[in-house]
Amino acid sequence: MKPLALNFLVVSLVLASGSAGYATPLTSGTSPEPPATTLAQQGRNPAEFPGYVEQLKAQAREAGFDQQTIDTAFTGVHFVDRVIKSDRGQLENKVTLDDYLGRVLTPEKIQQARLYVQQYQNQLQPITDASGVQTQYIVALWALESHFGQIQGKEEVVSALATLAFEGRREAFFTKELMAALRIIQRQQMSAADLKGSWAGAMGQSQFMPSSFLNYGKDGNGDGRIDIWNNLDDVFASTANYLQREGWRAGQGWGQEVILPAGFDAQQAGLKTAQAKTAAQWLQSGVKLMHPDENRDAGQRAWIITPQDGGGRSFMVYDNFRTLMHWNRSYYFAISIGMMADAIVTQQTVQ
């Protein structure tokens, strides 16, 4: 199946910022970050990049990496200008919730997800049984992160992360991820050229950042390697492992759209623990379900969210939504995963 033609902004949102361990400020429902600090403002010139790489090598030696791993990891490392442009583009563009959902949850993608659930049922069901993570959520993440593995990114991860660290806007974060990438190269006996991903360093069909790969990557077929680029057993097992270890509630949903009562106190909205009520309590306070025929456990913890640029749409969400937010701290992304999962099992279209 040929990937649908998505514009650059949406592709970057889904593939890079919608990755495990890397959150986008664009659609998080919170205030946008301040404008990016440019290389020029920092007094950094791309011509200084080779010297910066030597500093990174020194940090790697201090972290305990042997010289062979360092040589392997940094062979061919280079400054990637398009990575800087992509990172800045995230801060300069915004999309509405309806526009975002319309672009990432297409009827074609939903239908393909349903077909894959059937096709890979024998691989998916044992993972669901062991982890408690429902099959539709595993496939939904696969669909939205990499279009079922078809859009994984072609950047050399070490070069991309070194470039982003050099830029300096999030130097500590990207340096940490770079060191995690070196650990992967060391453990997996990979070359830097083989370690490919998105411009932000997100890798494979599950688009894991290097630290997420180290923490949550799982060998799904028992061959002794974790291959989230080519091996679907590993992709599915790693996705479920992430959600399970981050607190997934087996058998529960993510949430549903609601209509808020007139005069609803906006201070009650949000995902802080203090803002939680049971679903039944929210309904008693005047919150109405957009689709009241959908059965939900009235006793589970629930929160009300009203995404920024959401066009007035509101949602009552549960603990599993909060787990999806660990994957990516974006309301838009977590909502899209939940809606995709619902559409897979209900045979309904997304509105």
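Definitions and cut-offs
Residues numbered from 1 in each chain as written. Predicted model: local features only at pLDDT ≥ 70, side-chain atom pairs only at ≥ 80, totals over all residues. Heavy atoms only, no water. Salt bridge = Lys/Arg side-chain N within 4 Å of Asp/Glu carboxyl O. Helix = DSSP H or I, 4+ residues; strand = E, 2+ residues; numbered from the N terminus. Buried < 20%, exposed > 50% of the residue type's maximum accessible area, 1.4 Å probe, protein only. Pairing = 2+ DSSP bridges. Contact = heavy atoms within 4.5 Å. Axes fitted to C-alpha atoms, helices over the stretch in contact; angles between N-to-C directions. Core = buried A, V, L, I, M, F, W, Y, C linked by side-chain atoms within 4.5 Å. Parallel < 35°, antiparallel > 145°, perpendicular 65-115°, else oblique. Left-handed = near helix turned anticlockwise from the far one by under 90°. Nonpolar A, V, L, I, M, F, W, Y, C, P; charged D, E, K, R; others polar. Phe/Tyr/Trp six-rings, centres within 6.5 Å; stacked < 30°, edge-to-face > 60°. Lys NZ or Arg CZ within 6 Å of the ring centre and 35° of its normal.

Q: Break down the pattern of salt bridges for me, citing the residues and quoting the values.
A: All chains considered together, the criterion is met by ten salt bridges. In this structure, Asp98 and Arg313 form a salt bridge, with 2.6 Å as the shortest nitrogen-oxygen distance. Of this pair, Asp98 sits in helix H5 (residues 97-104) while Arg313 sits in the loop between strand E8 (301-305) and strand E9 (314-317), and the two are 215 residues apart along the sequence. A single salt-bridge network, built from bridges that share partners, covers Asp98, Glu257 and Arg313.

Q: How would you explain the environment of Gly224 if you had to name every residue and give the values?
A: With respect to the helices and strands, Gly224 occurs in the loop between helix H11 (210-216) and helix H12 (232-245). Residue class for Gly224 comes out exposed when judged on its relative accessible area of 67%.

Q: For the sheet that holds strand E6 (residues 277-278), give the residues involved together with the corresponding values.
A: In space, the five strands of this open sheet follow the order E6-E8-E9-E5-E7, with antiparallel pairing throughout. Two strands bound the open sheet, and with one partner strand each, they are E6 and strand E7 (288-289). In this sheet, E8 lies alongside E6 in antiparallel orientation, the contact comprising two bridges. Opposite Thr278, over in E8, you have Arg301 as the bridge partner. The strands that helix H14 (residues 319-327) touches are E8 and E9; relative to E8, the one it contacts most, it runs at about 60 degrees.

Q: So what about the nonpolar core? Which residues, and what values?
A: Phe74, Phe321 and Ile335 are the most contacted members of the largest nonpolar core, which totals 95 residues. For this core, the element with the highest residue contribution is helix H15 (residues 331-346), accounting for eleven residues. Sequence-distant contacts of Ile335, that is, excluding residues within four places in its chain, are made with Leu97, Leu101, Trp254, Ile305, Pro307, Phe315 and Phe321. In this structure, Ala279, Leu289, Ala302 and Tyr318 belong to the second largest nonpolar core, which totals eleven residues.

Q: So what's going on with the packing of H14 against H15? Residues and values would help.
A: At a minimum axis separation of 9 Å, H14 and H15 run at an interaxial angle of 125 degrees. It follows from the interaxial angle that H14 and H15 lie oblique. The element H14 and its partner H15 pack so that their crossing is right-handed. Two secondary-structure elements touch here, H14 through Phe321, Leu324, Met325 and Trp327 and H15 through Tyr331, Phe333, Ala334, Ile335 and Ile337. In the contact of H14 with H15, the residues fall into nine nonpolar, no polar and no charged.

Q: I'd like to hear about unusual backbone geometry, residue by residue, with values.
A: Positive phi is not limited to glycine here, since Gln189 has a value of about 55 degrees. Mapped onto the elements of the fold, Gln189 is located in the loop between helix H10 (171-188) and strand E4 (196-197). For Gln189, a relative accessible area of 68% gives the class exposed. At Gln207, a residue that is not glycine, the phi angle is positive and equals roughly 50 degrees.

Q: Tell me about the packing of aromatic side chains, and name the residues and values.
A: By the definition in use, this model includes 23 aromatic pairs. Ring geometry for Tyr100 and Tyr332: centres 5.5 Å apart, planes at 50 degrees, overall tilted. Of this pair, Tyr100 sits in helix H5 while Tyr332 sits in helix H15; the two residues are 232 residues apart in sequence, bridging distant segments of the chain. Assessed through its relative accessible area of 2%, Tyr100 is described here as buried. These aromatic residues form a ring-pair network of at least three members: Tyr116, Tyr120, Trp142, Phe148 and Phe236. Geometry around Phe173 places Arg170 over its ring, the cationic atom sitting 4.3 Å from the centre. One Lys or Arg, Lys277, reaches over the ring of Trp282 and ends 4.5 Å from the middle of that ring.

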